[in-house]
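This is what each chain is made of:
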Amino acid sequence: MAAIQNLIVAIDFGTTYSGVVWTYKDREPCVIDRWPQPDNRRSPRVSKVPTLITYDQNGQVLEWGYKAQSAAAPLAWFKLLLDENEHEFYNEYLNSRFVQEFRKNCPKGKTTTSVAIDYLQQLWTYAKSYISRDRGVDFENTYSIQVDLISYKVNQINPLKLSEIVAGDGGMCGSIHLNIAFHDHVAHLVGEDFHNTQKYSQDSIRDMMSQFDMQIKPRFTLEDKSNSNVDLRKVSRMENGTVSNDTIIISHEEMKNIFKPIGDQVEFLVHKQRNAIRKKRDYRNAPIKVVLVGGFGDSDYLFERFRTAFGEQDNMEIFALEGLGQAIAEGAALWGLERSEHRDPLLGSRIQRYSYGVVHRNLSTTSNTGSIPSTDDNAVTWIVKEGETVENTYHWRREFQRTIRKAWWDRGGFDDDIVYQSKGSQQRFITLKTMHWKLLTMVQMCNPINWIGRMQDFSYTLDIKVMESSLRCRPELTGQNREMFEYEIQCPTEWIGG
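What comes next concerns the included structure. (Residues numbered from 1 in each chain as written. Predicted model: local features only at pLDDT ≥ 70, side-chain atom pairs only at ≥ 80, totals over all residues. Heavy atoms only, no water.)

With respect to the pattern of salt bridges
Taken as a whole and judged by the stated rule, the model has 16 salt bridges. Close ionic contact of Lys-48 with Asp-12 constitutes a salt bridge, the shortest N to O distance being 3.4 Å. Remark: Asp-12 occurs in strand S2 (residues 8–12) and Lys-48 occurs in the loop between strand S4 (30–31) and strand S5 (49–50); sequence separation between them is 36 residues. A relative accessible area of 6% places Asp-12 in the buried class. Among the ionic pairs, Asp-264 bridges to Lys-260, the shortest N-O distance being 2.8 Å. Taken together, the residues span about one helical turn, with Asp-264 and Lys-260 both in helix H7 (residues 252–278) at a distance of four residues. Among the residues examined, Asp-264 registers a relative accessible area of 30% and is labelled partly exposed. Through salt bridges that share partners, Lys-260, Asp-264, Glu-267 and Arg-305 make up one connected network. (Salt bridge = Lys/Arg side-chain N within 4 Å of Asp/Glu carboxyl O. Helix = DSSP H or I, 4+ residues; strand = E, 2+ residues; numbered from the N terminus. Buried < 20%, exposed > 50% of the residue type's maximum accessible area, 1.4 Å probe, protein only.)

What follows is the structure, encoded as structure tokens:
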């Protein structure tokens, strides 16, 4: 089997559906559009696979994707529980029927993280098999990235060159919230009987939600005033709605009320991006073109709302183009190829998301004084600050001067330089790296230390490079006293990049 250098596989890990795109040098991104099906029947061409997984009684993976759809109790929506920091919506997730079912059916010993890992391993194994069968290749590198809302300036068409105008934005207003709202609305229509699991099984609820997800949600519009019909087996009467032959009839007004809160949030995010762009002197009257991709691109409702809200004002145009459902994964594949082949970056400059700075700290062996940096800018030597436009290299160099006092060291003190990250007006500091400076002893040096004025000066150049999953931090001692000092780098077990 031939090995292709720098084969890139990008995964769009979604809450309800996931997708995979692959590419390599001089090849357009390819979408995996056939997935394992129940009874091994031939798969229709679809660009995504359900984010579902099932286990046997021993906690081993049984089925995933489309094959898990027909299982008795597939685990779903587990991606939502991976980020407990979204406090505003986390309780909403916990109270949803789908998450409660996840808790109930999750095998003993499995966590949300381990379930997500199991699913991604199944997805990855199939992707490798699919690509190998399709092209007969081995694998080298993988990357992935995902963004919600972001604004670029097009600097050049061929080859395409972009620069970021304002920092990207996003919010917890994806299509999964429509699923929650629709589910809750049907529960209200049916009444207390809806929670009778003996009458309305998980299978029937899941089939109803799948019908909403695949048929009703993408095609719902404001212009078409017709009712929406969804099937729920064994439903014969409802407390607050209309039913006919196991079919729930939902009026256009009801459906609009389901969609409106999510549409309001997305529209607000677009307004924020637009306003941030218009505050830039060079972009006050520039044309803005909004392209809907991924789940956004599939929604007729969002396209209509955006066209009404923005399309006829402020020099803005709205586009919803065919074939952009996998734009996120395709963009990730191209980004990975750019990195692995060391190509000139498509994105020439970006808006810095975090601030990086260095704080010098003197400590005795019994004191923690100075362990927390002041929020006063004078206490921090900033290497780069949040909101600045930076070249897309994530690489900075800065020289620092330090003075070591003999009396301090005689008392058992030591000196640290701490590399911090902060974000937002509150400047919440996160420790990334600590450089612990050591003055070499006479035994380690050929000559005794000559304390000039009972102090020693030294300088160093700090080379910082922010990478995808780590921070490279390399001090280089400079100046006449550099041979007297050494350092060790200490770092926490986790840090946030960016």
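Brief notes about the nonpolar core
Core analysis: the largest hydrophobic core is formed by 43 residues, its most contacted members being Phe-182, Leu-232, Ile-248, Met-255 and Phe-306. Looking at this core, the elements with two or more residues in it are strand S10 (161–169), helix H5 (175–190), helix H6 (202–219), strand S13 (247–250), H7, strand S14 (288–291), helix H9 (300–309) and strand S15 (316–319). The dominant element in this core, judged by the number of residues it contributes, is H7, at eight residues. When sequence neighbours within four positions are dropped, the list of residues in contact with Phe-182 reads Met-208, Met-209, Phe-212, Val-230, Ile-250, Met-255 and Ile-258. Within the second largest apolar cluster, 36 residues are counted, among which are Trp-22, Trp-77, Val-99 and Ile-180. (Core = buried A, V, L, I, M, F, W, Y, C linked by side-chain atoms within 4.5 Å. Contact = heavy atoms within 4.5 Å.)

Digging into unusual backbone geometry
Among all residues except glycine, the phi angle is most often negative; among peptide bonds, the trans geometry is most common. A cis amide bond, omega -5°, links Asn-158 with the succeeding residue Pro-159. Here Pro-159 is to be found in the loop between strand S9 (149–156) and S10. Phi at Trp-77 takes a positive value of approximately 65°, unusual for a residue other than glycine. For Trp-77, the location among the structural elements is in the loop between helix H1 (66–69) and helix H2 (87–95). Positive phi is not limited to glycine here, since Asp-246 has a value of about 65°. Within the secondary structure, Asp-246 sits in the loop between strand S12 (242–244) and S13.

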